[in-house]
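Structural features, examined
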Amino acid sequence: MKFSSSYEPNQFEPDIYAAWESAGVFSPSVPTVPVDADANGYDDRLKNTSVYSIVMPPPNANGNLHIGHGLTVALEDSLTRYYRLRGRSTWYIPGADHAGFETWVVYERALEAQGHTRFEYDRNELYARVWDFVAQQRGNMEVQLRALGASCSWNDLTFTLDENVVDRVYTTFEKMWNDGMIYRGEKLVNYCPKHQTAFADIEVEHKDEPGTLWDIAYDALVVSTTRPETLFGDVAVAVNPNDERYKDLIGKTVHLPLTDREIPVIADEHADPEYGTGVVKITPAHDFDDFEVGERHHLERIQVISEDGHMINVPDKYYGLTTTECRKQVLKDLEKEGLLKGEKKLTHSVAHCYKCGTIIEPMLKEQWFVDVKTLARTAIEHLNNNEIKFYPESKKKVLINYLENLKDWNISRQIPWGIAIPMFKKINEEATDEPDWIFDRRTNLKEIEKSGVKYIRDEDTFDTWFSSSHWPIVCTNWSEENPTPYYPLNVMETGVDLIFAWVARMIMMGLYVTGEVPFKEVYLHGMVLDAHGKKMSKSKGNVINPMDLVVKYGSDAFRLGIIRGRSAGMSQAFSENSVIAGRNLCNKLWNISRLIQSLVDETPEDTLSRSIFSDGENTEQASPVTTGASLRSEKDVSLASYSTLNMGEDWICREINSCLEQVEADIETYRFAEAADTLYSTIWDKYADWFLESQKLYKNIPLLKKTLETLLIALHPFAPFVTEAIWQNLSWTQGFIITQIWPDKLEFDPISAENFENIRIIVSEVRTTLQALPGANNAKKYDLMYDRDSLVEDNLDLIQSLTKVPHLRALEGSPKGLRLTLANRELYLDVPEKVVKEYKDALTEKILSVGRELDALNLRLQNPNYVERAPEHLVKETRGQIAEKEQLISRLKNQLTLI
RNA sequence: GGGGAUUUAGCUCAGUUGGCUAGAGCGUACGAUUCACAUUCGUAAGGUCACAGGUUCGAGCCCUGUAAUCCCCACCA
């Protein structure tokens, strides 16, 4: 493979992914089912390898990835690749979601487009049809996951309708049924009349909307309501027990308008004396609060709105009207009878279907419910026991708070596309000894017979979250007989918006099924907002498609871009600029590698070996006096395949080591942005700008190779493709980078490294001073002069090449020109007096500003408390600084007098 | 009503146990450039760390309060 001269990710990314995949490098090295060959109760292969497991939140099987998936994959895959490099047996388990409701909505729309409705088919037929529909659409998201570089174990992909998932869900359901945690209840549920299905509370969107509050006379009492059409379902009116105005009426009855019914006046705390007239009509079948009032007072529930949104159980006049039509008619009739006492505009929040926006109708329905008391309490105990570490930490409190107030969980959905609820209802009523409902796994059958009694299957399917809550269990193939070392997961990474719907339920279910928390850590990423911090939405037209960016800038650039500036739990803006910055880094690395490869190519083998085992031809540049070269013994040379010969080499080793330390600490605490940032500045600002510039003189080939390899491996988790592409292009590397071992720290001489740091300071000051001088093109005009300075004297070529000054020479005679001030060295720029004079203002300003700093330092030291109480090293440091500043000022002043 | 956050450069964000002159990227200005890279190199400007108190030798960081913004949950007859 030949390095192409420009970085073009599209030309190698697909090939590299295919090569990884066919080499099987994504599979965990330790099989996922434990093997106890010698029957000692332990899988011996686990002795030397620790495992790392992580599951992917399953994207919609027949959908496309959106920007949030892009972030999720970038984060999860970086973790996966990092721990793989660290030698763990790493299992990143991909998934695909049947996306019950989402897919159903799409399918139903397609069905309607063909002029059909769901009601023409029975449940089995619909299920089969959607299955085919999904099968046809499937595959896009898997292609896209590959494009993002997800190093997941494809053989282990779990689909949410896979047999083992259904099995596990049924097993749990059966256990809950036997434990008495499942009950069938007639309760008010959130019901979408359009989709004709119930929703869990979390699936409902509340929006503030303008509405009207009408006052209606029920005899002597005036009630306030926003929904007059439901009055036919009223079974009582309530007043607050402490409300003096109505005390006498409690227990009496009032006439329900437009009907011939009398309804009781009851006392209930629900009635707020401050609100409206303080009198509330009670409609248990169509209002959540009223339902509870009804429970407390054992009131009848009269359903007056049908599941398709029409009036039922009402006087003939109103029968069959839609709710909207009925409201109009009711208001008209009330007005006519003089019972409408007033109306007032208000804003109230209205529940909407999160998919179609239809107003959610609270509907009385028989559904399956999970009693969550024990589940929630157990989860809270384990959370309080710190068994799961949260990133960000604050979300744990939020979760506990949620669990403390959790209501029973409605798990029935009236949608064919999902896992059938394995419950069957008795048909023959006369078989009174048999239970009304029985559990049975044969949900492929509509009707079953047991002990001579016929049962018919419940048509409903499970809430997606009921099965999803088993995700860590089913993905790792955990079972009672075969506990796997990969369960609990090391981490659960997902969006902060799923903390209740998914994370909470996985914890409850994990504990219920396995007795263990399902994961040891949770990392919740925030939402990806647009460049202006606004939510992305189709209607705003600000949606960013991750694949567009991958095509435009490459997968690595996208991954580097999307994690930039992002921290746990925070919703943060995202713009193409950060992807461009990522692409630029990849390009930089590409060119760095090309440079090093070309240096390798042009260095003959025999020179190479000489430079390892002797000082070689570069002795003249290296400083025998100041670099501490003598500390580098032959031992170093023989231990490693590289050695440091020049200061810049020790310096870069020092910088790379501290970079590695930083990156390790950051990844292990999920500080992705900081880790990538550290790599960015190490590769660019340190490796390329200083080390490689200095290597243009010295060319320590073994060290160049070693340091490049180190940086490539360290960046691999974040930019997998370009690092692998370079690895494959380099002439001396072997195998895949993805399966390399995370680099050890490099050996270096700290004194020498510090000397290079001093050279950097000198070079920087020369550059700054030259830029500040009047006139253009200063860099090439003036010589740099030094006076008895061995560090400079020993590194003339290096300094000259970095500063680009024409010549470096020893000062002859008395000082002249412009003295460099910050470096604290005898260095002068050979600048004519005229130019120096023009520089005078800058110099004066400098003296003033250093003076201000000096004053501040002196003030600190004059504070006796500081000297007494601050740590000694800080006080000492301050004294040192004062001395330094004083020297600097005197040098500056001296300079000024010379002018 | 309950809970959780945020406020630092023009923009997007770092700043971990309190410690020197508060950092980065982008953007801006100025300068450079055959010799790995214009997807480049060099330099600079730009901040009362939302506000007011407090603790401390020392506060962007800790405490109290205020303001603004955001998210979630519940309620709104």
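Here we summarise the structure given alongside this text. Note that residues are indexed from 1 along each chain, following the sequence as it is written. All chains are assigned letters beginning with A, and all ligands numbers beginning with 1, in the order in which they are written. Predicted model: local features are reported for residues with pLDDT of at least 70 only, side-chain atom pairs are reported and counted for 80 or more only, and whole-chain, interface and lining totals are derived from all residues. To obtain the side-chain values, all non-hydrogen atoms of the structure were included, while hydrogens and water were left out.

1. Some words on the overall build of chain A
Helix numbering and strand numbering both begin at the N terminus, where a helix is a DSSP run of H or I of at least 4 residues and a strand a DSSP run of E of at least 2. Along the backbone of chain A there are 29 helices and 30 strands. Within these notes, the globule rule equals 2.2 Å times the number of residues to the 0.38 power, and the radius of gyration is based on C-alpha atoms. Computed over C-alpha atoms, the radius of gyration of chain A comes to 37 Å, more than 25% over the 29 Å expected from 2.2 N^0.38 for 899 residues, which places it beyond the range of a compact globule. Projected onto its principal axes, the C-alpha coordinates of chain A cover approximately 120 × 70 × 55 Å. Burial status follows relative accessibility: with a 1.4 Å probe on protein chains alone, a residue under 20% of its type maximum counts as buried, one over 50% as exposed, and anything between as partly exposed. When burial is assessed residue by residue, chain A has 54% of its 899 residues classed as buried. Whether two residues are in contact is decided by their heavy atoms, any of which lying within 4.5 Å being enough. Once local pairs closer than 6 in sequence are excluded, the contacts in chain A between residues at least 24 apart make up 76%. For chain A, the exposed area adds up to about 40,400 Å²; of that, 49% sits on carbon and sulfur atoms. Surface exposure here means Shrake-Rupley accessible area, sampled with a 1.4 Å probe, where a residue is shielded only by the protein chains that are shown.

2. With respect to the protein's contact with RNA strand B
Residues in close proximity to RNA strand B total 58 residues, the closest being Ser224, Asp289, Ser349, Arg869 and Gln881. We call a residue near a given molecule or strand whenever any one of its heavy atoms falls within 4 Å of it. By atom count, sugar and phosphate contribute 59% of the portion of RNA strand B lying within 4 Å of the protein. Between a phosphate oxygen of RNA strand B and a side-chain N or O atom of Gln572, the distance comes to 3.2 Å. For this analysis, a polar contact is any N or O atom pair within 3.5 Å, provided that within protein one partner can donate a hydrogen and the other can accept it, and provided that sequence-adjacent residues contribute only side-chain to side-chain pairs. Within the side chain of Asn584, one N or O atom sits 3.4 Å away from a sugar or linking oxygen of RNA strand B. Within the surface near RNA strand B, the residues separate by chemical class into 17 nonpolar, 21 polar and 20 charged. Residues are grouped as follows: nonpolar covers Ala, Val, Leu, Ile, Met, Phe, Trp, Tyr, Cys and Pro; charged covers Asp, Glu, Lys and Arg; every other residue, Gly included, is treated as polar.

3. Side note on the environment of Ala267
Structurally, Ala267 can be placed in strand S11 (residues 262-267). The spatial distance from the C-alpha of Ala267 to the C-alpha of Ser539 is 47 Å, given a sequence separation of 272 residues. Sequence-distant contacts of Ala267, that is, excluding residues within four places in its chain, are made with Val239, Pro241, Ile250 and His297.

4. Section: the pattern of salt bridges
The rule for a salt bridge is simple: a side-chain nitrogen of Lys or Arg has to be within 4 Å of a carboxyl oxygen of Asp or Glu. Inspection of every chain in the model, using the stated rule, returns 44 salt bridges. Of the charged contacts in the structure, one is a salt bridge between Glu244 and Lys247, with a shortest N-O distance of 3.6 Å. Overall, the relative accessible area of 59% leaves Glu244 in the exposed class. The partner of Glu754 in a salt bridge is Arg654, with the nearest N and O atoms 2.8 Å apart.

5. Some details on the sheet that holds strand S10 (residues 253-255)
Neighbouring strands of a sheet are bound in pairs by backbone hydrogen bonds; such pairs are parallel or else antiparallel. What makes two strands pair is DSSP finding at least two bridges between them. The strand order across the open sheet formed by four strands is S10-S11-S9-S12, and the pairing between neighbours is mixed. Two strands close off the open sheet at either side, each with one partner strand: S10 and strand S12 (279-282). Recorded for the sheet is a direction-independent mean angle of 35° between the axes of neighbouring strands. The pairing of strand S9 (residues 236-239) with S12 spans four bridges and is classified as antiparallel. Within S12, the position partnered with Val237 by the bridge is Lys281. Structural elements are reduced to axes, namely lines fitted to C-alpha atoms, with helices fitted over the stretch in contact, and the angle between N-to-C directions of any two is expressed from 0 to 180 degrees.

6. Brief notes about the packing of helix H10 (residues 394-404) against helix H13 (residues 499-514)
Where H10 meets H13, the axes come as close as 11 Å, and the angle between the chain directions of the two elements is 80°. Here H10 is positioned roughly perpendicular relative to H13, judged by the angle of their axes. Each of Lys395, Val398, Leu399, Tyr402 and Leu403 in H10 lies in contact with H13, whose residues at this interface are Ile499, Phe500, Val503, Ala504, Arg505, Ile507 and Met508. Considering only residue class, the contact of H10 with H13 consists of 10 nonpolar, no polar and two charged. Should an angle lie under 35 degrees it is considered roughly parallel, over 145 roughly antiparallel, and from 65 to 115 roughly perpendicular; all remaining angles are considered oblique.

7. Digging into the nonpolar core
Leu403, Phe466, Ile507, Tyr687 and Phe718 are the most contacted members of the largest nonpolar core, which totals 223 residues. Ranked by residues supplied to this core, first place goes to H13 with 12 residues. Discounting chain neighbours no more than four positions away, the residues touching Phe466 are Val169, Phe173, Met176, Val370, Trp409, Ile411 and Met509. Formed by 36 residues, the second largest nonpolar core is a distinct cluster that contains Leu231, Val254, Tyr318 and Cys326. Definition used in this section: a nonpolar core is a set of buried Ala, Val, Leu, Ile, Met, Phe, Trp, Tyr and Cys residues joined via side-chain atoms within 4.5 Å.

8. Structural notes on the packing of aromatic side chains
Side-chain rings of Phe, Tyr and Trp, where Trp is taken by its six-membered ring, are said to pair if the distance between their centres is within 6.5 Å; with planes under 30 degrees apart they count as stacked, over 60 as edge-to-face, and otherwise as tilted. By the definition in use, this model includes 37 aromatic pairs. A centroid spacing of 5.7 Å and a plane angle of 55° characterise the contact between Trp409 and Phe466, whose relative ring orientation is tilted. Residue Trp409 is found in strand S16 (residues 409-410), and its partner Phe466 is found in helix H11 (residues 464-468); the two are separated by 57 residues along the sequence. Side by side, Trp409 and Phe466 carry an identical accessibility label, which is buried. Between Tyr687 and Phe691 the ring centres are 5.2 Å apart and the planes differ by 35°, which places this aromatic pair in the tilted class. Here Phe691 and Tyr687 lie together in helix H20 (residues 672-698), a separation of four residues that amounts to about one turn. For the residue pair Tyr687 and Phe691, the accessibility class agrees, reading buried in each case. Three or more aromatic residues joined by ring pairs make a cluster, and in this case those are Phe173, Trp409, Phe439, Phe462 and Phe466. In this scheme, Lys NZ or Arg CZ marks a charge over a ring once it lies within 6 Å of the ring centre and within 35 degrees of the ring normal. Seen from the ring of Trp409, Arg505 lies directly overhead, with NZ or CZ sitting 4.3 Å from the centre.

9. Section: the sheet that holds strand S13 (residues 340-353)
With antiparallel pairing, three strands are arranged side by side in an open sheet as S8-S7-S13. The outermost strands of the open sheet, each flanked by one partner alone, are strand S8 (221-225) and S13. Each strand axis lies, on average, 20° off the axis of its neighbour in the sheet, ignoring direction.

10. Description of the packing of helix H9 (residues 373-384) against H13
Remark: H9 packs on H13, axes separated minimally by 9 Å, with the N-to-C direction vectors making an angle of 95°. When the axis of H9 is compared with that of H13, the two are roughly perpendicular. In contact with Leu375, Ala376, Thr378, Ala379, His382 and Leu383 of H9, H13 contributes Ile507, Met508, Leu511 and Tyr512. Of the residues in the contact of H9 with H13, the class split is eight nonpolar, two polar and no charged.

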